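Per-entry structural report
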Amino acid sequence: MRVLALDTTTRAGSVALVENDQVIAERRGDPSRSYAERLPLEILALLGEQGRESSGIDLFAVASGPGSFTGLRVGIATIQGLAFVHNRRVAAVSALDALAQAAGQDLPVGAMVGIWTDAQRRDVFTALYEISPAPLFTSSRLKPIDVAAVGDPASTLARWSRLAGRAPLVFSGDGSLQYRDIILAQRPDTRIVEAPPLAGVIGLMASHLAAAGETITPGEIRPFYIRRPDAEVDREKRNSAPPVALREIP
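All of the points below concern the structure found in this document. In this text the structure is predicted, and so the values were computed from the model without any measurement.

What follows deals with the sheet that holds strand S3 (residues 22-28). As a general point, the strands of a sheet are linked pairwise by backbone hydrogen bonds and lie either parallel or antiparallel. Strand order across the open sheet formed by 5 strands is S3-S2-S1-S4-S5, with mixed pairing between neighbours. This sheet does not close on itself; its edge strands, each paired only once, are S3 and strand S5 (89-94). Adjacent strand axes in the sheet meet at a mean angle of 20° when their direction is disregarded. One ladder, built from 6 bridges, connects strand S2 (residues 14-19) with S3; its direction is antiparallel. Residue pairing across strands places Glu 19 opposite Gln 22, the latter belonging to S3.

Moving on: the sheet that holds strand S6 (residues 112-118). Taken in spatial order, the 5 strands make up an open sheet running S8-S7-S6-S9-S10, and their pairing is mixed. Two strands bound the open sheet, and with one partner strand each, they are strand S8 (142-151) and strand S10 (191-193). Adjacent strand axes in the sheet meet at a mean angle of 20°, parallel and antiparallel pairs treated alike. Pairing of strand S9 (residues 169-172) with S10 involves 3 bridges; the strand directions are parallel. When the sheet's bridge partners are listed, Phe 171 is paired in S10 with Ile 192. Strands S6, strand S7 (124-131), S8, S9 and S10 of the sheet are contacted by helix H4 (residues 95-103), whose axis makes an angle of about 130° with S6.

Within the secondary structure, Arg 159 sits in helix H5 (residues 153-164). Residue classification places Arg 159 among the partly exposed residues on the basis of a relative accessible area of 24%. Taking the C-alpha atoms as reference points, Arg 159 and Gln 105, 54 residues apart in sequence, are found 25 Å from one another. When near neighbours in sequence (up to four residues on either side) are disregarded, Arg 159 contacts Thr 126, Asp 146 and Ala 149.

Next up on the list: the environment of Ala 92. On the secondary structure map, Ala 92 appears in strand S5. In sequence terms Ala 92 and Glu 214 are 122 residues apart; their C-alpha atoms lie 9.7 Å from each other. Apart from residues lying up to four places away in sequence, Ala 92 is in contact with Val 62, Ser 64, Ile 216 and Ile 221.

We now examine the packing of H4 against helix H8 (residues 199-211). When two helices pack together, you describe them by how their axes are tilted relative to each other and by the distance separating the axes. With their axes 9 Å apart at the nearest point, H4 and H8 run at an angle of 100° to one another. Classified by the angle their axes make, H4 and H8 are roughly perpendicular. When H4 is examined against H8, the residues Asp 97, Ala 98, Gln 101 and Ala 102 are found in contact with a partner set consisting of Val 201, Ile 202 and Met 205. Of the residues assigned to the contact of H4 with H8, the class counts are 5 nonpolar, 1 polar and 1 charged.

Ala 61, Ala 98, Val 113, Ile 115, Tyr 129 and Ile 202 are the most contacted members of the largest nonpolar core, which totals 37 residues. Among the secondary structure elements, those contributing two or more residues to this core are strand S1 (2-7), S2, strand S4 (59-65), S5, H4, S6, S7 and H8. When sequence neighbours within four positions are dropped, the list of residues in contact with Ala 98 reads Val 93, Leu 198, Val 201, Ile 202 and Met 205.

In this section: the pattern of salt bridges. One pass over the full model with this rule turns up 7 salt bridges. Note that Glu 19 and Arg 2 form a salt bridge whose closest N and O atoms lie 3.1 Å from each other. In this pair, Glu 19 is assigned in strand S2 and Arg 2 in strand S1, connecting sequence segments 17 residues apart. We note a salt bridge from Arg 187 to Asp 189, for which the minimum N-O separation is 3.8 Å. On the basis of relative accessibility, which here comes to 1%, the residue Arg 187 falls in the buried class. A relative accessible area of 39% places Asp 189 in the partly exposed class. Members of the salt-bridge network, linked through shared partners, are Arg 2, Glu 19 and Arg 52.

Parameters and conventions
Residues numbered from 1 in each chain as written. Predicted model: local features only at pLDDT ≥ 70, side-chain atom pairs only at ≥ 80, totals over all residues. Heavy atoms only, no water. Pairing = 2+ DSSP bridges. Helix = DSSP H or I, 4+ residues; strand = E, 2+ residues; numbered from the N terminus. Axes fitted to C-alpha atoms, helices over the stretch in contact; angles between N-to-C directions. Contact = heavy atoms within 4.5 Å. Buried < 20%, exposed > 50% of the residue type's maximum accessible area, 1.4 Å probe, protein only. Parallel < 35°, antiparallel > 145°, perpendicular 65-115°, else oblique. Nonpolar A, V, L, I, M, F, W, Y, C, P; charged D, E, K, R; others polar. Core = buried A, V, L, I, M, F, W, Y, C linked by side-chain atoms within 4.5 Å. Salt bridge = Lys/Arg side-chain N within 4 Å of Asp/Glu carboxyl O.

Here it is, written out as C-alpha cells:
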C-alpha cells in the first residue's frame, strides 16, 4: 500500500510517502511561509522527487489535530481535495497519538508517555498513555491514561502525579520542551525527547488503520480542536449579550 501523509499541526509541519510499511521519503515544511502558500506544492514536490504522482496513492492520511486552527483547516482541505479527485479513502490521525507512537517506539511495555504540545495562552494540549504489548503503530499500542485535554502545565502535572504515581515518564512534544523547567522541577526523573517530523509516523499508523478497515471517506474528516476557536467563542458571546437599551430623545 502506498500512503501519502500530511501534518499541519505545527508551523513547519511535514509530508511523507509511506510504501509497504516503510517511510520512503519525508520532509519538513518551510515555517516562514503559510500553509496556504505551501500546499499542495510541498506535496507535489515530494512526489516528484520520488517519481510518483498523486494518482498512484492508495490512501491519503492527515493529522486531524490538535494544533493551529488555520493549519488544520488547510491541511485537511488539501487531503480531502486529493482524495476526492482520485476517489480514495483517508485516515485521520490524532497528532497526540502520533507523537506518543514516535516517543514510545523503544519503550518497554508498561512505560508511560506524556505528550505536551503548545496550545498558546501558556496552555498545553496533553495526553498520557501507557505502552501496551500491541505492535508498533497500531491503535491498540497506546492505552490512554489521561485523555486529550488542554490546560496549564502545573495543573496537568498535578493530575498526572495522581494518575501515574511515581512511574517514570517520557515526555515529547514542543510543549514539553517549552515547559521543561516546570516538568523537571516536579519530576526530575523524567526524560524529555524531541519530537520528529510526524508525517512518516502518521503514514505508518494509517497503513495499520487501513489493514483494520478503519479508514473513512474524505467528507468524514473532522478537525480535532479540543479547544473551540476564538472566533466561535467571540461570536457566541456577541449573540448572547443583552441588547443595548436605547434612550429616548425628548
